[in-house]
Amino acid sequence: MTYQDIFVQILSEVSGETPARILEFVKTVKAAKPGGNWDIKLSDKDSEEIISKLRKDAPAIVRWLEEGRQRVASHESKTVH
């Protein structure tokens, strides 16, 4: 697996969104901010360890997603129409 695969899987699990929808988001982020570790391949053991840790942190990830959603909503509400 790659870091991208792990990110897509975990966000899909905690958000209830489909992996395809999360992947669309990731592609948008990668296009806006090229580079990073997205495509680094990890061993099966390392991948499972990371996924396990992230699953334990699911409540914090959900809070992070909610905070991001609120920031976007706040920013959009200040937009002149």
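Analysis parameters
Residues numbered from 1 in each chain as written. Predicted model: local features only at pLDDT ≥ 70, side-chain atom pairs only at ≥ 80, totals over all residues. Heavy atoms only, no water. Helix = DSSP H or I, 4+ residues; strand = E, 2+ residues; numbered from the N terminus. Contact = heavy atoms within 4.5 Å. Areas by Shrake-Rupley, 256 points an atom, 1.4 Å probe, with all protein chains shown as cover. Lys, Arg positive; Asp, Glu negative; His and termini not counted. Charge placed at Lys NZ, Arg CZ, Asp CG, Glu CD. Axes fitted to C-alpha atoms, helices over the stretch in contact; angles between N-to-C directions. Parallel < 35°, antiparallel > 145°, perpendicular 65-115°, else oblique. Nonpolar A, V, L, I, M, F, W, Y, C, P; charged D, E, K, R; others polar. Core = buried A, V, L, I, M, F, W, Y, C linked by side-chain atoms within 4.5 Å. Buried < 20%, exposed > 50% of the residue type's maximum accessible area, 1.4 Å probe, protein only.

Participant: Explanation requested: the overall build of the protein chain in the structure shown.
Facilitator: The secondary structure content of the protein chain amounts to four helices and zero strands. Ordered by position in the sequence, the α and β elements of the protein chain form the string α-α-α-α. Each of the three principal axes of the protein chain carries a C-alpha extent, and together these read 50 × 30 × 20 Å. Relative to all contacts within the protein chain whose residues are 6 or more apart in sequence, the contacts with residues 24 or more apart total 65%. As displayed, the protein chain has an accessible area near 6200 Å², and 56% of this comes from carbon and sulfur atoms. Positive and negative charge centroids in the protein chain, built from 13 and 13 side chains respectively, lie 4 Å apart.

Participant: Mind showing me how you'd approach the packing of helix α3 (residues 44-56) against helix α4 (residues 58-77) here?
Facilitator: The axes of two packed helices give the description: the angle between them and the distance between them. It is the contact of α3 with α4, at a shortest axis distance of 4 Å, that shows an interaxial angle of 70 degrees. Comparing the axis directions of α3 and α4 gives the class roughly perpendicular. Where α3 approaches α4, its residues L54, R55 and K56 are matched on the opposing element by A58, P59 and I61. The residue makeup of the contact of α3 with α4, split by class, is four nonpolar, no polar and two charged.

Participant: I tried to follow the nonpolar core on my own but got confused; where do I start?
Facilitator: Among soluble globular proteins, nonpolar side chains are generally buried collectively. Formed by I6, V8, I10, L11, I22, V26, W38, L42, I51 and I61, the largest nonpolar core amounts to ten residues. When residues of this core are traced back to their parent elements, those giving at least two are α1 (3-15) and α2 (19-32). The dominant element in this core, judged by the number of residues it contributes, is α1, at four residues. Not counting the four nearest positions on each side in its chain, I61 is found in contact with I10, L11, V14 and L54.

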